[in-house]
Amino acid sequence: MEWLETVPAVSVYLLVGVVIGLESLGIPLPGEIVLVSSALLAATQDHIDPLVLGACASAGAIIGDSIGYLIGRKGGQPLVNWAGRKFPKHFGPDQVAMAEEKFDKWGMWAVFFGRFIALLRIFAGPLSGVLKMPYWKFLIANVLGGVVWAGGTTALIYYVGVVAESWLKRFSWLGLVAAALFGIGSFVVMKRRATKAAAKRAASAAKPADAMAE
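What you are looking at is a predicted structure, and each value in this text was computed from that prediction instead of being measured.

As for the overall build of the protein chain
- In terms of regular secondary structure, the protein chain is built from nine helices and zero strands.
- If you list the helices and strands of the protein chain from N to C, you get α-α-α-α-α-α-α-α-α.
- When the 214 residues of the protein chain are sorted by exposure, 46% land in the buried category.
- Long-range pairs, those at least 24 residues apart, make up 79% of the contacts in the protein chain between residues at least 6 apart in sequence.
- Surface accessibility of the protein chain: about 11,300 Å² in total, with carbon and sulfur atoms responsible for 71%.

Written out as structure tokens, the structure reads:
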């Protein structure tokens, strides 16, 4: 894995910031996998500064969410419908129903905690705009969530990597596999929750119809 030493640090910072920013904006990308993999890389490569990495990840998360909010605010429900047609696996009725349920229940905290949940991470910004959440509430939750998630994940993975540095240098590909499995696992869990939320929503909508039929 000596070739990793030749990877320019600035390219890693840019990759993390851009991927997380685009994911936060509402584009389905593996932001968490990229962040975890980069933090592991920083633990084994001295030329990659974990503080700069965490700062770039936080900036990407905050800026991406903010742009997503503005797009959602301007685009409204038609934007959600369009995204559902283009990305049915991520913005389909089940996923939207689950996200709306969380936003109705948690409000601005859905933006904060959504940062830690794979599927909600791509919904937080755009859906906050679509639902007309006051921007000051969104901004507070966005900044806090972005810093805690991106900075916290970077710090945690980095220090775990430092402890296991000798092992990672020999089996660094296993670390990348573990990160990928973690991301996939998060998505599967949220997919099941989305299906359950959609079923609950359908059942609630059916009750008034049954009552009218009677």
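Resuming the write-up.
Quick notes on the packing of aromatic side chains
- This structure, assessed with the given rule, holds eight aromatic pairs.
- Relative to Y159, the ring of Y158 has its centre 5.2 Å away and its plane inclined at 75°; by these criteria the two rings are edge-to-face.
- Among the aromatic residues, those joined into a cluster by ring pairs are W109, F112, F113 and F116.

Considering the pattern of salt bridges
- Counted under the stated rule, the structure contains three salt bridges.
- A salt bridge links E23 to R121; its shortest N-O distance comes to 3.2 Å. Pair noted here: E23 is in helix α1 (residues 9-25) and R121 is in helix α7 (residues 118-130), with a separation of 98 residues, a long-range link.
- Owing to a relative accessible area of 3%, E23 belongs among the buried residues under this scheme.
- The residue D65 makes a salt bridge to R115 at a minimum N-O spacing of 2.9 Å. Placement of the pair is D65 in helix α3 (residues 50-86) and R115 in the loop between α6 (108-114) and α7, with a sequence separation of 50 residues.
- For D65, a relative accessible area of 1% corresponds to the buried category.
- Residue R115 is classed as buried on the basis of its relative accessible area of 2%.

Thoughts on the environment of I122
- Structurally, the position occupied by I122 is in helix α7.
- By relative accessible area, I122 is classed as buried at 3%.
- Along the backbone, I122 and I27 are 95 residues apart, and their C-alpha atoms lie at a distance of 6.5 Å.

Quick word on the packing of helix α2 (residues 31-44) against helix α8 (residues 135-163)
- Their axes nearest at 8 Å, the elements α2 and α8 cross at an angle of 40°. Considering the angle they form, α2 stands oblique to α8. The crossing of α2 and α8 is right-handed. From α2, E32, L35, V36, A39, L40, A42 and A43 reach across to α8, where they touch W149, A150, T153, T154, I157, Y158, G161 and V162.
- Looking at the contact of α2 with α8 residue by residue, the classes come out as eleven nonpolar, three polar and one charged.

Some details on the nonpolar core
- One finds V12, V16, I20, L35, I48, L53 and A57 to be the most contacted residues of the largest nonpolar core, which totals 23 residues.
- Among the secondary structure elements, those contributing two or more residues to this core are α1, α2, α3 and α8.
- Sequence-distant contacts of L53, defined by excluding residues within four places in its chain, comprise V12, Y13, V16, S38, A39, A42 and T154.
- If you look at the next biggest cluster of nonpolar residues, it comprises eleven residues, including Y69, F103, F112 and F138.

Section: the confidence of the model for the protein chain
- With 63% of its residues at a pLDDT of 70 or more, the protein chain has an overall mean of 75.
- Across the protein chain, α1 holds the top mean pLDDT of 91, while helix α9 (residues 165-213) sits lowest at 56.

A short note on a nonpolar patch on the surface
- Together, W106, W109, F113, F116 and V148 make up an exposed nonpolar region whose accessible area comes to about 480 Å².
- Its place among the elements puts F116 in the loop between α6 and α7.

Details of the packing of α1 against α7
- At a closest axis distance of 6 Å, the pairing of α1 and α7 adopts a crossing angle of 60°. By the angle between their axes, α1 is oblique relative to α7. Contacts from E23, S24 and L25 in α1 reach R121, I122 and P126 in α7.
- When its residues are assigned to classes, the contact of α1 with α7 shows three nonpolar, one polar and two charged.

Rules used throughout
- Residues numbered from 1 in each chain as written.
- Predicted model: local features only at pLDDT ≥ 70, side-chain atom pairs only at ≥ 80, totals over all residues.
- Heavy atoms only, no water.
- Helix = DSSP H or I, 4+ residues; strand = E, 2+ residues; numbered from the N terminus.
- Buried < 20%, exposed > 50% of the residue type's maximum accessible area, 1.4 Å probe, protein only.
- Contact = heavy atoms within 4.5 Å.
- Areas by Shrake-Rupley, 256 points an atom, 1.4 Å probe, with all protein chains shown as cover.
- Phe/Tyr/Trp six-rings, centres within 6.5 Å; stacked < 30°, edge-to-face > 60°.
- Salt bridge = Lys/Arg side-chain N within 4 Å of Asp/Glu carboxyl O.
- Axes fitted to C-alpha atoms, helices over the stretch in contact; angles between N-to-C directions.
- Parallel < 35°, antiparallel > 145°, perpendicular 65-115°, else oblique.
- Left-handed = near helix turned anticlockwise from the far one by under 90°.
- Nonpolar A, V, L, I, M, F, W, Y, C, P; charged D, E, K, R; others polar.
- Core = buried A, V, L, I, M, F, W, Y, C linked by side-chain atoms within 4.5 Å.
- pLDDT = per-residue confidence, 0-100.
- Patch = residues over 30% accessible without salt bridge, like charges linked within 9 Å, V, L, I, M, F, W, Y side chains within 5 Å.

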